[in-house]
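Close look at the chain arrangement
Each chain is listed here by its residues.
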Amino acid sequence: QVQLVESGGGLVQPGGSLRLSCAASGFTFTNYMMTWYRQVPGKERELVATISRGGGTTNYAASVKDRFTISRDNAKNTVYLQMNSLKAEDTAVYYCNAKYAFDSSRNYWGQGTQVTVSS
């Protein structure tokens, strides 16, 4: 059974930091590109950051570039999102996604973790 389990969300003040984790199981982690998305109620899901299978290539939304860092530890089957200099606009539910490299129709999603940035 495939599982993606996010953790690390919570309440933080503007300017603060959080690190999200996504633990994967039930599939061959290294065959999947990993992506963090986020969603606010009433708004479309937004791509936040993507990392290639080996971790050598990353892409970020303009709104988070230079503040967030995506990384992966293939030995631990885990992908991370380090979030620094957080803003109120970063408040959202953050989701972990795995996309199979050999068939893009195969996608797995985590349950999401809430991040709230507020004073």
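Further up the page is the structure itself.
To start, this report covers the structure provided alongside it.

Conventions adopted
Residues numbered from 1 in each chain as written. Predicted model: local features only at pLDDT ≥ 70, side-chain atom pairs only at ≥ 80, totals over all residues. Heavy atoms only, no water. Core = buried A, V, L, I, M, F, W, Y, C linked by side-chain atoms within 4.5 Å. Buried < 20%, exposed > 50% of the residue type's maximum accessible area, 1.4 Å probe, protein only. Helix = DSSP H or I, 4+ residues; strand = E, 2+ residues; numbered from the N terminus. Phe/Tyr/Trp six-rings, centres within 6.5 Å; stacked < 30°, edge-to-face > 60°. Lys NZ or Arg CZ within 6 Å of the ring centre and 35° of its normal. Salt bridge = Lys/Arg side-chain N within 4 Å of Asp/Glu carboxyl O.

1. Examining the nonpolar core
- Residues Met 34, Trp 36, Val 79, Leu 81, Met 83 and Tyr 94 are the most contacted members of the largest nonpolar core, which totals 29 residues.
- The set of elements that each furnish at least two residues to this core consists of strand 3 (18–25), strand 4 (32–39), strand 5 (46–51), strand 7 (68–73), strand 8 (78–83), strand 9 (92–100) and strand 11 (113–117).
- Here this core takes five residues from strand 9, the largest share from any one element.

2. Details of the packing of aromatic side chains
- Taken as a whole, this structure holds six aromatic pairs when the rule is applied.
- When the centroid spacing of 5.3 Å and the interplanar angle of 80° are considered together, the rings of Tyr 100 and Phe 102 count as edge-to-face.
- The rings of Phe 27, Tyr 32, Tyr 100, Phe 102 and Tyr 108 are connected pair by pair, giving a single aromatic cluster.
- We note Arg 72 situated over the ring of Phe 29; from NZ or CZ to the ring centre the distance is 4.4 Å.
- In this structure, Arg 106 is placed above the aromatic ring of Tyr 100, and the distance from its NZ or CZ to the ring centre is 4.1 Å.

3. Here we look at the pattern of salt bridges
- Enumeration over the complete set of coordinates arrives at three salt bridges.
- Notably, a salt bridge pairs Arg 38 with Glu 46, separated by 2.8 Å at the nearest N-O pair.
- Given the relative accessible area of 6%, Arg 38 is considered buried.
- Classification of Glu 46 as partly exposed rests on a relative accessible area of 21%.
- Linked through salt bridges whose partners overlap, the residues forming this network are Arg 38, Glu 46, Arg 67 and Asp 90.

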